[in-house]
Amino acid sequence: MKLNERSLAFYATCDSPADNAGFLYKRGERHTAYHRRWFVLKGNMLFYFEERESREPVGVIVLEGCTVELCDSAEEFTFAIRFGGTKSRTYVLAAESQAAMESWVKSLSRASFDYMRLVVRELEKQLEEMRWGPASGCGGCRQSPGSWKPKPSGPERSPERLPALPAVLPKENGCAVWNNVPGADQLPDTSSCGGHDGEGNPRPPPLPPRRRAASSEAGSARAAAGESPSTFCQLHEQYGREVARLQQDWLEKRRGPRL
């Protein structure tokens, strides 16, 4: 993995909050002597400086694919960061107190991306259980929100039992007439009881007869329309006379009383 030194130095010393920071004793790789260093943990990167006020880190440890465990050493409060692989380096660190050691071990164990992925999965599982409830009754199966479909409120009917309609409905004056369906004018067969046909299928209810206007009703309607007392011409003449009268009164009032 390639790392940019300037970017790492800026990230280590910027004002972004650190997950943990403090002094630790780090054992050398060649020499077994311990050196006091200032450690700063940001995300999955553990930076260490010579002094607290140093501007650039001495090194960085990427906490991926490693385990943090306690180890036996001449120094107290020691723990190690071990990586998988035969040629991988093991970092041995020592804290100044028992509380500091526990704090560092806990924060370093939770710094890897794999741990964060497990935490996110667990939180997603808990959120799903809060939304849809725990799995029960069907062997741990849960329906997703997309697969849920509302149940029909009425009784279900199979498509084979529905009454068949003709392919082309007969028309009168360009409009479809339902009473002209073949067989609609025939009287219902009362030989079979229960409202079913000979095959046991439910018979549709009879259609109501089509109401046609009688000749007397049509004549009365036309007579009422022809005997309307008010027409546009009559109203125009009536209001015209009223406007002329009002105009004449106004002119006489304006001229004043005659001597």
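We now turn to the structure provided with this report. All residue numbers refer to position in the chain's written sequence, counted from 1. Only residues with pLDDT of at least 70 get local features here, since the model is predicted, and only at 80 or more are side-chain atom pairs given and counted; chain-wide, interface and lining totals rely on the full set of residues. Hydrogens and waters are ignored; side-chain quantities use all the structure's heavy atoms.

## Some points on the side chain of Lys26
For step 1, the next point in the chain: A run of DSSP states H or I qualifies as a helix once it reaches four residues; a run of E qualifies as a strand once it reaches two. Both are numbered from the N-terminal end. With respect to the secondary-structure elements, Lys26 resides in strand β1 (residues 20-27).
For step 2, the next point in the chain: Of the side chains bearing the opposite charge, Glu29 lies closest to the buried Lys26, which forms no salt bridge; the N-O distance is 7.0 Å.
For step 3, the next point in the chain: Beyond its immediate stretch of four places on either side in the chain, Lys26 contacts Ala33, Tyr34, His35, Phe39, Tyr48, Arg89, Tyr91, Val92 and Leu93. Each residue gets one of three labels from its accessible area relative to the maximum for its type: buried under 20%, exposed over 50%, partly exposed in between, using a 1.4 Å probe on protein chains only. Note on charges: Lys and Arg go in the positive column, Asp and Glu in the negative column, and His and the chain ends are not counted at all. We define a salt bridge as a side-chain nitrogen of Lys or Arg found within 4 Å of a carboxyl oxygen belonging to Asp or Glu. By definition, residues are in contact when any of their heavy atoms lie within 4.5 Å.

## A word on the side chain of Thr78
For step 1, the next point in the chain: Relative to the elements of secondary structure, Thr78 occurs in strand β6 (residues 78-83).
For step 2, the next point in the chain: For Thr78, a relative accessible area of 4% corresponds to the buried category.
For step 3, the next point in the chain: Those residues within four positions of Thr78 in sequence are excluded, and the remaining contacts are Tyr34, Leu70, Cys71, Ser73, Leu93, Ala94 and Met101.

## A look at the sheet that holds strand β4 (residues 59-62)
For step 1, the next point in the chain: Pairing between two strands requires that DSSP report at least two bridges joining them. Read from one edge to the other, the open sheet built from seven strands follows the order β4-β3-β2-β1-β7-β6-β5, with strand pairing classed as antiparallel. This sheet does not close on itself; its edge strands, each paired only once, are β4 and β5 (66-70). Within this sheet the neighbouring strands show an average axis-to-axis angle of 35 degrees, counted without direction.
For step 2, the next point in the chain: Here four bridges tie β6 to strand β7 (residues 91-94), and the two strands are oriented antiparallel to one another. Its bridge partner lying in β7, Ile81 is registered against Tyr91.
For step 3, the next point in the chain: Every axis in this analysis is a line fitted to C-alpha atoms, fitted for helices over the stretch in contact. Angles between the N-to-C directions lie between 0 and 180 degrees. Running over the sheet, helix α1 (residues 5-13) touches β2 (34-42), β3 (45-49) and β4 and is turned about 85 degrees from β3.

## A short note on the pairing of β3
For step 1, the next point in the chain: Burial analysis of β3 places five of its five residues in the buried class, the great majority of the element.
For step 2, the next point in the chain: The side-chain alternation of β3 yields two buried faces, one formed by Met45, Phe47 and Phe49 and the other by Leu46 and Tyr48.
For step 3, the next point in the chain: Across five bridges, the pairing between β2 and β3 is antiparallel. Its bridge partner lying in β3, Phe39 is registered against Tyr48.

## A closer look at the pattern of salt bridges
Once their charged atoms are close, side chains differing in charge can pair, the charge on each being opposite to the other.
For step 1, the next point in the chain: Going through the model one piece at a time under the given rule, you end up with six salt bridges.
For step 2, the next point in the chain: Across the pair Arg82 and Glu69 runs a salt bridge, and its minimum N-O distance is 2.3 Å. Here Arg82, found in strand β6, pairs with Glu69, found in strand β5; they are 13 residues apart in sequence, far enough to count as distant.
For step 3, the next point in the chain: Note that Arg245 and Glu242 form a salt bridge whose closest N and O atoms lie 2.5 Å from each other. Residue Arg245 and its partner Glu242 are located together in helix α5 (residues 232-255), separated by three residues, close to a single helical turn.
For step 4, the next point in the chain: Taking the relative accessible area as the measure of exposure, Arg245 reaches 43% and is therefore partly exposed.
For step 5, the next point in the chain: Using a relative accessible area of 36% as the deciding quantity, one classes Glu242 as partly exposed.
For step 6, the next point in the chain: Bridged by salt links that share partners, the residues Glu242, Arg245 and Asp249 form one connected network.

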